[in-house]
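# Fold and geometry: a report
Listed below are the residues making up each chain.
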Amino acid sequence: MKAALFHAKEDLRIEEVDEPTPGPGQVKLRNAFAGICGSDLHVYYSPEAAGLDFDHPHPVTGSTLPQILGHEFSGTIVELGEGVTDVAVGDRVAVWPIYFCGECAACRRGMFNACQKIGFHGLSSDGGGMAEFTTIDASKLHVLPENVDLRMGALVEPMSVAWHAVSRSGVQRGGTALIAGAGPIGIGVWFALRARGIEKVLVSEPSADRRAIIAALGATVVDPVNEDLTAAVAELSDGDGVDVAFDAAGAGPAVTSSLVSLVPGGRVVVVAIHERTMDFLPTQLVMSETEIAGALAYLPEDFDAVIEAMGRGVYDTTGWVQEVPLEGVVDAITSLRGGAGAKILVQAS
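Below: a short report on this structure. (Residues numbered from 1 in each chain as written. Predicted model: local features only at pLDDT ≥ 70, side-chain atom pairs only at ≥ 80, totals over all residues. Heavy atoms only, no water.)

Another point: the overall build of the protein chain. Looking only at helices and strands, one finds 11 helices and 18 strands in the protein chain. Its C-alpha atoms give the protein chain a radius of gyration of 20 Å, near enough to 20 Å, the size a compact globule of 349 residues would have. Reported as C-alpha extents along the three principal axes, the dimensions of the protein chain are approximately 60 × 40 × 40 Å. Here the protein chain holds 349 residues, and the buried ones make up 53% of them. Across the protein chain, contacts joining residues at least 24 apart in sequence account for 70% of those joining residues at least 6 apart. Accessible area of the protein chain: about 15100 Å², with a carbon and sulfur share of 49%. One way to put it: in the protein chain the 23 positive side-chain charges average out to a point 2 Å from where the 45 negative ones average out. (Helix = DSSP H or I, 4+ residues; strand = E, 2+ residues; numbered from the N terminus. Rg over C-alpha atoms; globule rule 2.2 N^0.38 Å. Buried < 20%, exposed > 50% of the residue type's maximum accessible area, 1.4 Å probe, protein only. Contact = heavy atoms within 4.5 Å. Areas by Shrake-Rupley, 256 points an atom, 1.4 Å probe, with all protein chains shown as cover. Lys, Arg positive; Asp, Glu negative; His and termini not counted. Charge placed at Lys NZ, Arg CZ, Asp CG, Glu CD.)

This part is about the packing of helix α1 (residues 38–45) against helix α11 (residues 329–337). The N-to-C vectors of α1 and α11 enclose an angle of 100°; their axes lie 10 Å apart at closest approach. The orientation of α1 with respect to α11, classified from their angle, is roughly perpendicular. When α1 is examined against α11, the residues Leu41, Tyr44 and Tyr45 are found in contact with a partner set consisting of Val330, Ile333, Thr334, Leu336 and Arg337. (Axes fitted to C-alpha atoms, helices over the stretch in contact; angles between N-to-C directions. Parallel < 35°, antiparallel > 145°, perpendicular 65-115°, else oblique.)

Here we take up the pattern of salt bridges. If you walk through the whole model with that rule in mind, you get 10 salt bridges. As a salt-bridge pair, Asp11 and Arg13 come within 2.8 Å of each other at their nearest N and O atoms. Residue Asp11 is classed as partly exposed on the basis of its relative accessible area, which comes to 22%. With relative accessibility at 36%, the residue Arg13 sits in the partly exposed group. (Salt bridge = Lys/Arg side-chain N within 4 Å of Asp/Glu carboxyl O.)

What is meant by a disulfide is a covalent connection between two cysteines, made through their sulfur atoms. If you walk through the whole model with that rule in mind, you get 0 disulfides. For Cys104, which is in no disulfide, the shortest distance to another cysteine sulfur is to Cys107 and amounts to 3.7 Å. Note on Cys115: no disulfide assigned, nearest cysteine sulfur contributed by Cys101 at a separation of 3.6 Å. (Disulfide = S-S within 2.5 Å.)

Here the focus is helix α7 (residues 229–237). Burial in α7 covers these residues: Leu229, Ala232, Val233, Leu236 and Ser237. The buried side chains of α7 occupy one side of the element, clustering within an arc of 120° when seen end-on. In α7, the exposed residues that point more than 90 degrees away from the buried face are Thr230 and Glu235. On its buried side, α7 packs onto β11 (176–180), β12 (200–204), β13 (220–222), β14 (242–247) and α8 (252–260). Within two residues after α7, Asp238 carries a phi angle of roughly 55°, on the positive side. (Arc of directions from axis to C-beta.)

Moving on, we get to the sheet that holds β14. Pairing between the strands of a sheet is mediated by backbone hydrogen bonds and can be parallel or antiparallel. Here we have 6 strands laid out as an open sheet, ordered β13-β12-β11-β14-β15-β16, and parallel in their pairing. Either end of the sheet is taken by a strand with one partner, and the two such strands are β13 and β16 (291–294). Averaged over neighbouring strand pairs, the angle between their axes works out to 20° when direction is ignored. Taken together, the 5 bridges between β11 and β12 define a ladder with parallel strand orientation. By the bridge assignment for β12, Ala177 is matched with Val201. Its contacts with the sheet put α7 on β11, β12, β13 and β14, and the angle it makes with β12 is roughly 170°. (Pairing = 2+ DSSP bridges.)

Below, the structure is given as structure tokens:
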């Protein structure tokens, strides 16, 4: 079968590899679509900065390079391993791709998404979604309803990142929110807020292309470079400041502008990965009793919630999701690194 194998920094090849066979408790999937994630860009250009140590076997999965990429993907079950009874051949599924140790402090608290040895299928495991087939534990599967297609199914993972971030924010129906960054996760945050009844949302994005994409979905947007972000926040919130703000940009100014946009007692949720340190004055938090929280990945219940919302028709892929063949994955990574486009799905088979 064809697969996208990551060998080393900026060395991703389309190669022929053997088809996998499911073991006990596993299924074999014919992969449909696999999204290119910001994490994939970090791995491709700077695996060390992404916190990945490919020089040693992964502590949970034992995986080493080369690695088939693709941790946000959907597929159809084509074969069942011994003992699998909860799903059936022909089921269309999204995959919760996290591997966790089950022993660290995070795992003992049920925070498997923050496991200190966390791994991802398609990032630090044998196999991934950017191949014609993969095998995966049946326990990681989330069956898609009939009205959620495989294209949408591949978006369950990134949309769950955003859903989890909104859960971490604590925002309530009727609240107000600011989103810094209109990439795929920022778009996902916007959908998740709307699904929960938060209608007063402002999206701050310096890229004209990305502003146009999310505005076409119905969002209210502002250019934080050439327009007055403070005035836009004041208009949205009747001068009070927003209840929550989300850093989906991964840039220091996104955090600082979010902090000053909060109502007293508000919260900033950092869901983006930052490559650089930043300075800020903690007294800002003290004087208004505001907070900064982090949000990492997702839990299985986030997948369930996103799939339910997709079944209700909350999500719309118009204008921000495009597809490329497996052979086009490197060009797509290069394009995304340059700031073009929003979400690219790789056609795995």
